[in-house]
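Read off the chains here:
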Amino acid sequence: MKILFLDQSGKPGGAELCLIDIAKPYQDTCLVGLFADGSFRSLLEENHIPVQILTTQAIQVRKESSLITGLGSIGQLLPLIVKVAQLARKYDCIYANTQKALVVGAIASFLSRRPLVYHLHDILSSEHFSQTNRRIAVTAANRFASLVIANSQASKIAFLEAGGRADITEIVYNGFNPKNYQTDKFAVNQIREKLELNGKFVVGHFSRLAPWKGQHILLEALAQCPEQVTAILVGDALFGEQDYVQQLHRLVTTLKLENRVKFLGFRSDIPQLMTACDLVAHTSTAPEPFGRVIVEAMLCGKPVVAAASGGAMELIEHGINGFLATPGKPQELAQVITACLNNSHETAAIANRGQTVASQRFDVDNINKQIAQLLSRLGTKA
Ligand code: UDP
Ligand code: GLC
């Protein structure tokens, strides 16, 4: 099957990293069209996946945009839509991986008479999107998509609550290759040494720096934990959240955590860094659609504590294969961290169970089979 994948981002967020795994089996015949240039293009090239930058013009509409901005952006998108519609004629289907890709892909699918697949990586709720953006996404998906792939039950439910069609929606979790998370002991020891983590209880946070990812919750929790508990914050402000970065640095100073927190920026050695931690914390304050970092921590055999909401609830069973804490409650998070510090035996058993479960449940080959099967039905539906 020849697939034209579309993604609006030039930067590698979770949806983009997921797309790499989905596009890989189709690398000989597919094309990934991006609406911005950036390091995501290089990652696709490194994975031998054909990629083309379809526009260099920034698309103005944002997650919180109003109807006027939303409608105004359609005119701005016209040249891109025409380009995608022309390209699509050489492919069997259009696979939109983000919301702006959905809008462009929807009209292009109509013009080129190619079926449209929408991979929904978001929770379409008011916490994440303006009413206008939700309405545009749901209308485009309902009217033009033959298949909506939701990355979790939580994303599917929010889509249906926003008016999305149940008959075209299927859930497929992100897939991972467990082998990528088996790390070399020497490399991990080197990281611990270089970052001066030896003798400390290290809590890792692996997310782009954005207010809803809740890094501030971890900092506030840390201030309530014993002195030997330290944190590494891995990730960068990918989508312009510079104010939040400043806020986090100020919070470190206010809470006198200068010697207990390290900001490492965006990194490509996530498995090694996760393995160098004693615990991985996920602290999103709004429901997480899926939460790749949670599964990745499990695959590294590390205990993980996640904010009890959204997709995280489908990934973790509290006290069985990980821990859940109420979102936005630093004191509760501090209690879980301190309990993990004090009960290393029990915690390791939970982490081991997490690793076993995650390796089976999210195995990339199985997940890709599920997607292939759904795509094979398109021909008959379209
Ligand atoms: N990640 C990364 N480098 C970083 C921070 C994060 O490669 O410095 C990866 C992380 O391993 C995960 C993805 O970015 O695979 C984030 O995906 P997630 O689903 O957790 O959240 P998103 O940012 O997509 O909302
Ligand atoms: C989005 C979501 C994240 C999810 C990822 C992959 O970026 O925010 O929760 O894990 O897509 O589906």
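Structural data are supplied above this passage.
Being a predicted model, the structure only gives us computed values, none of them experimental.

Now for the pattern of salt bridges. For the structure on display, the rule yields 9 salt bridges. For R41, the salt bridge identified is with E45, shortest N-O distance 3.2 Å. One end of the pair, R41, and the other, E45, are both in helix α2 (residues 39-46), 4 residues apart, so they sit about a helical turn from each other. Relative accessible area serves as the criterion here: at 27%, R41 is assigned to the partly exposed category. What makes E45 partly exposed here is its relative accessible area of 39%. A salt bridge links K213 to E288, with the shortest nitrogen-to-oxygen separation between them at 2.9 Å. Of this pair, K213 sits in the loop between β8 (201-206) and α8 (215-222) while E288 sits in the loop between β11 (279-281) and α11 (292-299), and the two are 75 residues apart along the sequence. Look at K213 and you get buried, because its relative accessible area is 8%. By relative accessible area, which is 7% here, E288 ends up buried. By sharing partners, the salt bridges in this structure join D37, R41 and E45 into a single network.

As a further point, take the site of ligand 2. The environment of ligand 2 is made up of G14, A15, H121, N151, N174, W212, E288, P289, F290, G291 and R292. A distance of 3.0 Å separates an oxygen atom of ligand 2 from a polar atom in the side chain of N174. With respect to ligand 2, the side chain of E288 contributes an N or O atom lying 2.5 Å from an oxygen atom. Surface burial for ligand 2 is 92%, taken as the share of its 310 Å² of free accessible area covered by protein chains.

So, on to the sheet that holds strand β1 (residues 3-7). Strand order in the open sheet made by the 7 strands is β3-β2-β1-β4-β5-β6-β7, with parallel pairing throughout. Edge positions in the open sheet fall to β3 (51-53) and β7 (169-171), since each of these has one partner strand only. The mean inter-strand angle of the sheet, taken between neighbouring strand axes irrespective of direction, is 20 degrees. Pairing of β1 with strand β2 (residues 31-34) involves 4 bridges; the strand directions are parallel. If you follow L6 over to β2, its bridge partner there is G33. The strands touched by helix α1 (residues 14-23) are β1, β2, β4 (93-96) and β5 (116-120); relative to β1, the strand with the most contacts, the crossing angle is about 175 degrees. Packed on one face of the sheet, helix α6 (residues 153-161) meets β5, β6 (145-150) and β7 and runs near 160 degrees to β7.

So, about the packing of aromatic side chains. Considering all chains together, one arrives at 6 aromatic pairs under this definition. Relative to F144, the ring of F110 has its centre 6.2 Å away and its plane inclined at 70 degrees; by these criteria the two rings are edge-to-face. Of this pair, F110 sits in helix α4 (residues 99-112) while F144 is found in helix α5 (residues 131-144), placing the two residues 34 residues apart along the sequence. Measuring from centroid to centroid gives 6.0 Å for F290 and F362, while their planes differ by 75 degrees, and the two rings are edge-to-face. Taken together, the residues F290 in the loop between β11 and α11 and F362 in the loop between α14 (344-361) and α15 (364-376) connect sequence positions 72 residues apart.

Looking now at the packing of α4 against α5. For the pair α4 and α5, interaxial distance at closest approach is 10 Å and the crossing angle is 35 degrees. Crossing handedness for the pair α4 and α5: left-handed. Here α4 contributes Q99, L102, V103, A106, S109 and F110 to the contact with α5, which in turn contributes N133, I136, A137, A140, A141, R143 and F144. Residues of the contact of α4 with α5, tallied by class, amount to 9 nonpolar, 3 polar and 1 charged.

This next bit is on the site of ligand 1. Residues in contact with ligand 1 amount to 15 residues; listed here are only the nearest, G14, R208, K213, R267 and E296. In this structure, K213 approaches ligand 1 through a side-chain N or O atom, which is 2.8 Å from an oxygen atom. Protein chains shield 90% of the accessible area of ligand 1, which is 550 Å² for the free molecule. Counting only elements with at least two residues in the shell around ligand 1, the list comes to α1 and α11. The dominant element in the shell around ligand 1, judged by the number of residues it contributes, is α11, at 3 residues. Split by residue class, the shell around ligand 1 holds 5 nonpolar, 4 polar and 6 charged.

Let's shift gears to the packing of α8 against helix α9 (residues 242-254). At their nearest, the axes of α8 and α9 sit 10 Å apart, and the two run at 0 degrees to each other. Regarding the angle of α8 to α9, the classification is roughly parallel. Taken together, the residues of α9 that come into contact with α8 (itself represented by Q215, H216, L219 and E220) are Y244, L248, L251 and V252. Among the residues making up the contact of α8 with α9, the classes are represented as 5 nonpolar, 2 polar and 1 charged.

Parameters at a glance
- Residues numbered from 1 in each chain as written.
- Chains lettered and ligands numbered in written order.
- Predicted model: local features only at pLDDT ≥ 70, side-chain atom pairs only at ≥ 80, totals over all residues.
- Heavy atoms only, no water.
- Salt bridge = Lys/Arg side-chain N within 4 Å of Asp/Glu carboxyl O.
- Helix = DSSP H or I, 4+ residues; strand = E, 2+ residues; numbered from the N terminus.
- Buried < 20%, exposed > 50% of the residue type's maximum accessible area, 1.4 Å probe, protein only.
- Near = heavy atom within 4 Å.
- Polar contact = N/O pair within 3.5 Å; in protein donor to acceptor, adjacent residues only side chain to side chain.
- Areas by Shrake-Rupley, 256 points an atom, 1.4 Å probe, with all protein chains shown as cover.
- Pairing = 2+ DSSP bridges.
- Axes fitted to C-alpha atoms, helices over the stretch in contact; angles between N-to-C directions.
- Contact = heavy atoms within 4.5 Å.
- Phe/Tyr/Trp six-rings, centres within 6.5 Å; stacked < 30°, edge-to-face > 60°.
- Left-handed = near helix turned anticlockwise from the far one by under 90°.
- Nonpolar A, V, L, I, M, F, W, Y, C, P; charged D, E, K, R; others polar.
- Parallel < 35°, antiparallel > 145°, perpendicular 65-115°, else oblique.

These figures capture arrangement, not role.
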